[in-house]
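Okay, here's what each chain looks like letter by letter:
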Amino acid sequence: MNTTRQSVRRNVSALYVLQLTGYVLPLLTVPYLMQTLGADGFGALAKAAGLIMLGVIAVDAGVNTVTITQLAREGTKQDLATELYWANQALRIARIVGVSLVLLGLYALLDEGWFRWDLVAASSLMLIGGWLFPTWLFQGLEVMTLTTICSITGRLISVLLIFVLIRSPDDVLLAAVLQGSATLLSGLFAQVALHRKLRIGPPPSARRWLARIRRLRRSINYLSTSEWLTAAAGNVSVVALGFFCADAVVGVFAALEKIARALIGLAQPFLRALLPVQIRRFAGDSNQAARWARTWVLRLTLAGVVSGGCLAAVGFPLLQWALGAPQALEPSWLIGVGLWVALAISAGAAGQLHCLASGAKTAYANILGLSAIFQLASVVLGAAMLGIDGVLFALWFSEVLRCISFFCHSNIRVKRSSSCAS
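Calculation notes
Residues numbered from 1 in each chain as written. Predicted model: local features only at pLDDT ≥ 70, side-chain atom pairs only at ≥ 80, totals over all residues. Heavy atoms only, no water. Salt bridge = Lys/Arg side-chain N within 4 Å of Asp/Glu carboxyl O. Helix = DSSP H or I, 4+ residues; strand = E, 2+ residues; numbered from the N terminus. Buried < 20%, exposed > 50% of the residue type's maximum accessible area, 1.4 Å probe, protein only. Contact = heavy atoms within 4.5 Å. Patch = residues over 30% accessible without salt bridge, like charges linked within 9 Å, V, L, I, M, F, W, Y side chains within 5 Å. Areas by Shrake-Rupley, 256 points an atom, 1.4 Å probe, with all protein chains shown as cover. Lys, Arg positive; Asp, Glu negative; His and termini not counted. Charge placed at Lys NZ, Arg CZ, Asp CG, Glu CD. Phe/Tyr/Trp six-rings, centres within 6.5 Å; stacked < 30°, edge-to-face > 60°. Axes fitted to C-alpha atoms, helices over the stretch in contact; angles between N-to-C directions. Parallel < 35°, antiparallel > 145°, perpendicular 65-115°, else oblique. Nonpolar A, V, L, I, M, F, W, Y, C, P; charged D, E, K, R; others polar. Core = buried A, V, L, I, M, F, W, Y, C linked by side-chain atoms within 4.5 Å. pLDDT = per-residue confidence, 0-100. Left-handed = near helix turned anticlockwise from the far one by under 90°.

All told, the structure shown has 4 salt bridges when counted by the stated rule. Arg 92 is the partner of Asp 60 in a salt bridge, and the nearest nitrogen-oxygen pair spans 3.0 Å. A residue pair is termed long-range when its members are at least 10 positions apart, and Asp 60 in helix α1 (residues 2–60) and Arg 92 in helix α3 (residues 78–109) qualify at 32 residues. The exposure class assigned to Arg 92 is buried, which follows from its relative accessible area of 1%. With a shortest N-O distance of 2.1 Å, Glu 83 and Arg 208 are connected by a salt bridge. You can see Glu 83 sitting in helix α3 and its partner Arg 208 sitting in helix α9 (residues 206–235), a full 125 residues away along the chain. Looking at Glu 83, the relative accessible area reads 9%, which means it is buried.

In structure tokens:
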């Protein structure tokens, strides 16, 4: 038990360093880029990056979660880690090809008024970087320190280059390249760590490789769509606003969203480090695991309330100073973003530590999928009708539905488990 606690603490500490630097470093560039590129340029850059992020989500959806759980359940054997790594990489490169074809189709259908396609192409470096950086493997092997070192190094180089090279609104294309290069550089450093530190070997025999790919593909069918819809719903706001609002408004909301995601991200190190441990707990005493999960959900929810409250209280004057665009910023948006932070943290903790860790994969996928469909539709409708206010209302309501669904399912499952044990 002491070894497990030490491992959790070490991984949480490493992930917190990663999470903080991963959000603090980009946030340092937000006021600089807005002032250098202008609100319109920053908004166009945010729309392009948002479109590519939807592609990144499509590449990773389902695959990473399933490989993490398989590695946690079957044990961290070297041959298993190598097989899963190469199977994961093969599936994700196939998805990158599919995403590229979709982007080419959008380019043929939409004119330059919707997106700046040169910025979209430059931002696509994130697709390759995400493929090179298998964070799922570091998480499954519980060696988060390597993840932190690789990620911080790549991001720090990118941020420094942004401050040195971006000097005028004409540098917006270079800004897109440098933003995308952060993930690419981190991925290159991760590949060195994988093969030198973790001793990930060459691909297995073609027969074993194809067999593992088929098994992994069958396992992710239930989850890929739901995870993509959920993650896409959380990242579609900027893209949706881009269809109905001016680039300057989109730029302001993109800055607000970055701050909100930084606060939501404060809970992710705990969830990532606790998930493998919680999976093993549910394999033992499910009642004790459920109580442990409820305790952590409550703690993380309270942390979300405090974080959201701080944002609502002090965010407006800080953003007025940082963004340099007070005429485009409404105080009510800060309150709305703060409430979204608290609800998103609560729903994420309940879903992962209760449903997913307990083995309720189908229920987890169904709840994610249905709530994501609702969120996608409501965000687009809210953006069309009310702009940012409509988007925020859609985000609140979606997180409330997701949280209630996870808690209701968890209570029913625990009662059934207790009855069967009796």
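There's plenty left to go through after this.
This next bit is on the environment of Gly 242. For Gly 242, the location among the structural elements is in helix α10 (residues 237–244). Once you skip the residues sitting within four places of it in the chain, Gly 242 turns out to touch Lys 47 and Val 250.

Where like charges cluster on the molecular surface, the positive patch consists of Arg 214, Arg 215, Arg 217 and Arg 218. Relative to the helices and strands, Arg 215 resides in helix α9.

This brings us to the packing of aromatic side chains. A full pass over the atoms with the stated rule returns 7 aromatic pairs. Centre to centre, the rings of Trp 86 and Trp 209 are 6.2 Å apart; their planes meet at 75°, and the pair counts as edge-to-face. Placement of Trp 86 in helix α3 and of Trp 209 in helix α9 is noted, with a sequence separation of 123 residues between them. Exposure remark for Trp 209: the relative accessible area of 25% places this residue in the partly exposed category. Members of the aromatic cluster, each reached through a chain of ring pairs, are Phe 374, Phe 393, Trp 396 and Phe 397.

Another point: the packing of α3 against helix α5 (residues 125–132). At their nearest, the axes of α3 and α5 sit 10 Å apart, and the two run at 170° to each other. By the angle between their axes, α3 is roughly antiparallel relative to α5. Contact residues: Gln 89, Arg 92, Ile 93, Ile 96 and Val 99 in α3; Leu 127, Gly 130 and Trp 131 in α5. Grouping the amino acids of the contact of α3 with α5 by side-chain chemistry returns 5 nonpolar, 2 polar and 1 charged.

Leu 33 and Ile 166 are the most contacted members of the largest nonpolar core, which totals 82 residues. One finds Leu 84, Trp 136, Phe 138 and Leu 141 within the second-largest nonpolar core, a separate group that totals 19 residues.

Turning our attention to the confidence of the model for the protein. A residue-level look at the protein finds 80% of positions with pLDDT of 70 or above and a mean pLDDT of 76. Mean pLDDT across the elements of the protein ranges from a minimum in helix α13 (residues 286–323), with 71, to a maximum in α5, with 88.

Glancing now at the environment of Leu 210. Within the secondary structure layout, Leu 210 lies in helix α9. Since its relative accessible area comes to 48%, Leu 210 is described here as partly exposed.

At a minimum axis distance of 10 Å, the contact between α10 and helix α11 (residues 247–265) shows a crossing angle of 170°. When the axis of α10 is compared with that of α11, the two are roughly antiparallel. In terms of crossing hand, the pair formed by α10 and α11 is right-handed. Listed contacts from α11 to Ser 237, Val 238, Leu 241 and Gly 242 of α10 are Val 250, Phe 253, Ala 254 and Glu 257.

The grouping of Leu 28, Ile 157, Leu 161, Phe 163, Val 164, Leu 165, Leu 173, Leu 174, Val 177 and Phe 189 at the surface amounts to a nonpolar patch, some 730 Å² of accessible area in total. Looking at the nonpolar patch, the elements with two or more residues in it are α7 (144–165) and α8 (172–196). The leading source of residues in the nonpolar patch is α7, at 5 residues. Its place among the elements puts Val 164 in helix α7.

Okay, the environment of Leu 370 next. Structurally, the position occupied by Leu 370 is in helix α15 (residues 361–386). Judged by its relative accessible area of 62%, Leu 370 is exposed. Along the sequence, Leu 370 and Leu 401 sit 31 residues apart, while their C-alpha atoms lie 9.9 Å from each other.

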